[in-house]
Amino acid sequence: MSSTDDLASRSPSRRPQFVPGAPANTLHVKSDAPTPELHVIAYHGDDFIEKRLDRPADVVELLDQWPITWLTVAGLDDAATISELGRIFGLHALALEDVVQVHQRAKVEQYGEQLFIVARMAELNATLETEQLSLFVGKNFVLAFLEDPGDCFEPVRARLRAGGPLRQAPTGQLAYSLLDAVIDAYFPVVEAYAERLDRLEDRVIARPNRRAVSEIHAAKHDLRSVRRIVWPLREAVNSLVRDPSPLIDDDTRVHLRDCYDHLVQIIDLVETYRELCSDLTDLYLSSLSNRMNEVMKVLTIIATIFMPLGFITGLYGMNFNTERSPWNMPELNWRYGYPFALGLMALTLLGMLWYFRHKGWLGDGKA
């Protein structure tokens with residue numbers, strides 16, 4: 001899966017390969033894309049087959065023999081393979097162009113008797129990673145193109161292997177199941193950010209530092225990316241519910257409404273956690289300001305305490321000649337002059353500490 005960095009910040013090898021003026025049926029694949037891996041599942045009632053294909057032409061026999069065929073193509077570096085699959089399944093050239101240009105927004109388009117659906121899958125590892133899913137739905141097939149090997153469809157495969165209602169359902173129900181798996185995979189991602197923000201909140205309160213605020217900004221950036229992905233996906237699912245299509249029956253529309261509800265929940269959670277990121281940033285600044293105020297208060301108290309002590313020691317350090325006048329610092333010739341000066345400074349210190357505490361400037365004050 002690719003990172004969620006903005007288009008301008010991507011490395012040249014990860015940028016979409018645009019060729020200005022090229023015809024629509026020209027496929028420009030990425031140079032660093034993985035080699036396509038073809039995985040097929042075909043079924044009808046109790047009959048089921050699952051295997052890997054060595055070449056696209058092998059799927060023709062399955063299409064002829066099985067009522068429903070689900071082919072997953074993981075990897076987009078072979079334009080010849082993609083073009084041959086387009087010919088076998090009768091895919092529109094504009095849709096194939098969107099398959100290899102993996103920066104597409106989520107959308108639903110009708111091409112004759114086929115539905116073309118674009119969505120993005122999300123996975124949270126060290127960073128948030130997303131991958132474009134291009135889904136073609138026909139009367140007897142579902143064709144899924146992925147950027148890289150690995151997906152979130154294993155629960156759907158497990159349901160097909162175990163048998164059950166999904167084997168009896170049309171291709172529209174299978175497409176719904178795949179979209180539902182994609183959407184449900186966002187919940188663990190969003191909840192992981194919730195746990196991360198809770199930990200960051202504790203760190204910001206206990207030990208505010210620049211690393212914490214950097215992690216807050218990174219989480220906010222990722223949540224913004226999730227919102228940018230999920231928002232058009234919600235509209236795409238809504239169009240499947242709203243617009244009539246022979247591939248989407250009434251029962252499937254009911255299930256798609258549930259997908260729409262899940263997307264609304266995800267958007268609400270993302271918005272909540274984005275606001276929490278802003279609140280944590282404000283909390284960081286507030287904690288930093290409070291910490292600075294505490295330091296300044298301590299330094300001010302220390303300086304204030306030493307001001308009268310410095311005055312006393314400075315006064316006793318003046319060079320008065322007691323032989324000229326008995327009023328010139330008589331304490332200099334007094335037997336207890338030095339202990340008296342120390343005691344005066346101690347009493348001054350204790351009196352100032354009591355006054356600061358009484359006013360609430362030091363410790364808990366009157367409480």
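For the structure, check the block above.
Keep in mind the model is a prediction, meaning the values are calculated, not measured.

Participant: Could you clarify how one ought to interpret the overall build of the chain in this entry?
Facilitator: Along the backbone of the chain there are 10 helices and 8 strands. Put simply, the chain has 367 residues, and 42% of those count as buried. Within the chain, contacts between residues at least 6 apart in sequence are counted, and of these 65% link residues at least 24 apart. Roughly 19600 Å² of accessible area belongs to the chain as shown, and the carbon and sulfur atoms make up 55% of that amount.

Participant: Would you explain the side chain of Thr72 in this entry?
Facilitator: Structurally, Thr72 is set in strand E4 (residues 68–74). Among the residues examined, Thr72 registers a relative accessible area of 3% and is labelled buried. Of the polar contacts made by the side chain of Thr72, one reaches the side chain of Trp70; its length is 3.1 Å. Other than its neighbours up to four places away in sequence, Thr72 contacts Glu37, Leu38, His39, Ala144, Leu146, Asp151 and Arg157.

Participant: Whenever I open this one, the side chain of Arg157 confuses me. Can you help?
Facilitator: Tracing the backbone through its elements, the reader meets Arg157 in helix H4 (residues 154–162). Polar side-chain contacts of Arg157 include one of 2.9 Å to the side chain of Asp151. Discounting chain neighbours no more than four positions away, the residues touching Arg157 are His39, Ile41, Glu50, Trp70, Thr72 and Asp151.

Participant: I'm lost on empty space enclosed by the protein in this one. Help?
Facilitator: In this approach, a probe sized like a water molecule rolls over the atoms, and the result shows the empty space that is left. Overall, the coordinates contain 1 cavity of 30 Å³ or more when judged by the stated rule. In this structure, the largest cavity occupies an estimated 30 Å³ of space. In terms of lining, the largest cavity is formed by Ile117, Gly172, Ala175, Tyr176, Leu179, Leu240, Ile248, Thr252 and Leu256. Going through the elements one at a time, helix H6 (171–184) and helix H9 (250–316) are the ones with two or more residues in the lining of the largest cavity. Residue composition of the lining of the largest cavity, by class: 7 nonpolar, 2 polar and no charged.

Participant: Before we go on, may I ask you to explain H9 in this structure?
Facilitator: Two residues of an α-helix separated by three or four positions point the same way, owing to the 3.6 residues in each turn. The end-to-end C-alpha distance of H9, which contains 67 residues, comes to 99 Å, matching closely the 99 Å that a straight helix rising 1.5 Å per residue would cover. Within H9, the axis deviates most sharply at Met307, by approximately 25 degrees, and proline Pro308 lies no more than four positions further along.

Participant: Would you mind showing me how to read the environment of Val213 here?
Facilitator: As for its placement among the helices and strands, Val213 is situated in helix H8 (residues 210–242). Its relative accessible area of 14% is what places Val213 among the buried residues. Remark: the alpha-carbon pair of Val213 and Arg203, spanning 10 residues in sequence, is separated by 9.8 Å.

Participant: It is not clear to me how the pairing of strand E8 (residues 141–146) should be interpreted in this structure. Could you clarify?
Facilitator: Every regular strand shows the same layout, with side chains that alternate between the two sheet faces. With 6 of 6 residues buried, E8 lies mostly within the body of the structure. Side chains Phe141, Leu143 and Phe145 of E8 all project onto a buried face; the interleaved residues Val142, Ala144 and Leu146 project onto the opposite face, where all are buried too. In this structure, E4 lies alongside E8, joined through 6 bridges in parallel fashion. From the neighbouring strand, Val73 faces E8, where its bridge partner is Phe145. Strand direction decides the pairing type here: strand E7 (residues 128–137) and E8, joined by 5 bridges, are antiparallel. Bridged to Phe136 within E8 is Leu143. Where E7 folds back onto E8 in an antiparallel hairpin, the turn is made up of 3 residues.

Participant: Is there a simple way to explain the packing of H4 against H6 in this structure?
Facilitator: Angle between the axes and distance between the axes are the two parameters that describe a pair of packed helices. For the pair H4 and H6, interaxial distance at closest approach is 9 Å and the crossing angle is 140 degrees. When the axes of H4 and H6 are compared, the pair comes out oblique. Residues Val156, Arg159 and Leu160 of H4 lie in contact with H6, whose contacting residues are Leu174, Ser177, Leu178 and Ala181. By residue class, the composition of the contact of H4 with H6 is 5 nonpolar, 1 polar and 1 charged.

Participant: It is not clear to me how the packing of aromatic side chains should be interpreted in this structure. Could you clarify?
Facilitator: Between two aromatic rings, the relevant description is the distance of the centres plus the angle of the planes. Summed over the entire model, instances satisfying the criterion amount to 6 aromatic pairs. On the basis of an interplanar angle of 55 degrees and a centroid distance of 4.7 Å, the ring pair of Phe89 and Phe141 is categorised as tilted. Here Phe89 is found in helix H2 (residues 79–89), whereas its partner Phe141 is found in strand E8, with 52 residues between them in sequence. Phe141 matches Phe89 in its accessibility class, with the two residues each being buried. Plain terms: the ring middles of Phe116 and Phe136 are 4.6 Å apart, the flat faces sit at 25 degrees to each other, and that makes the pair stacked. Pair noted here: Phe116 is in strand E6 (residues 114–124) and Phe136 is in strand E7, with a separation of 20 residues, a long-range link. Taken together, the ring pairs connect Tyr111, Phe116, Phe136 and Phe145 into an aromatic cluster. The lysine or arginine in question, Arg227, covers the ring of Trp231, its NZ or CZ lying 4.7 Å from the ring centre.

Participant: So what exactly am I meant to see when it comes to the packing of H8 against H9 here?
Facilitator: For the pair H8 and H9, the least separation of the axes is 8 Å and the interaxial angle reads 160 degrees. Taken together, the axis directions place H8 and H9 in an arrangement best described as roughly antiparallel. Of the two elements, H8 crosses H9, and the hand of that crossing is left-handed. Looking at side-chain class alone, the contact of H8 with H9 contains 23 nonpolar, 3 polar and 9 charged residues.

Rules behind the numbers
Residues numbered from 1 in each chain as written. Predicted model: local features only at pLDDT ≥ 70, side-chain atom pairs only at ≥ 80, totals over all residues. Heavy atoms only, no water. Helix = DSSP H or I, 4+ residues; strand = E, 2+ residues; numbered from the N terminus. Buried < 20%, exposed > 50% of the residue type's maximum accessible area, 1.4 Å probe, protein only. Contact = heavy atoms within 4.5 Å. Areas by Shrake-Rupley, 256 points an atom, 1.4 Å probe, with all protein chains shown as cover. Polar contact = N/O pair within 3.5 Å; in protein donor to acceptor, adjacent residues only side chain to side chain. 1 Å grid on protein atoms, 1.4 Å probe; cavity = no way out; pocket = protein on both sides within 12 Å on 5 of 7 lines; lining within 4 Å. Points joined across faces, edges and corners; volume = space filled by probe spheres on them. Nonpolar A, V, L, I, M, F, W, Y, C, P; charged D, E, K, R; others polar. Expected span 1.5 Å × (residues − 1). Bend = angle between axes of the 7 residues up to and from the residue. Pairing = 2+ DSSP bridges. Axes fitted to C-alpha atoms, helices over the stretch in contact; angles between N-to-C directions. Parallel < 35°, antiparallel > 145°, perpendicular 65-115°, else oblique. Phe/Tyr/Trp six-rings, centres within 6.5 Å; stacked < 30°, edge-to-face > 60°. Lys NZ or Arg CZ within 6 Å of the ring centre and 35° of its normal. Left-handed = near helix turned anticlockwise from the far one by under 90°.

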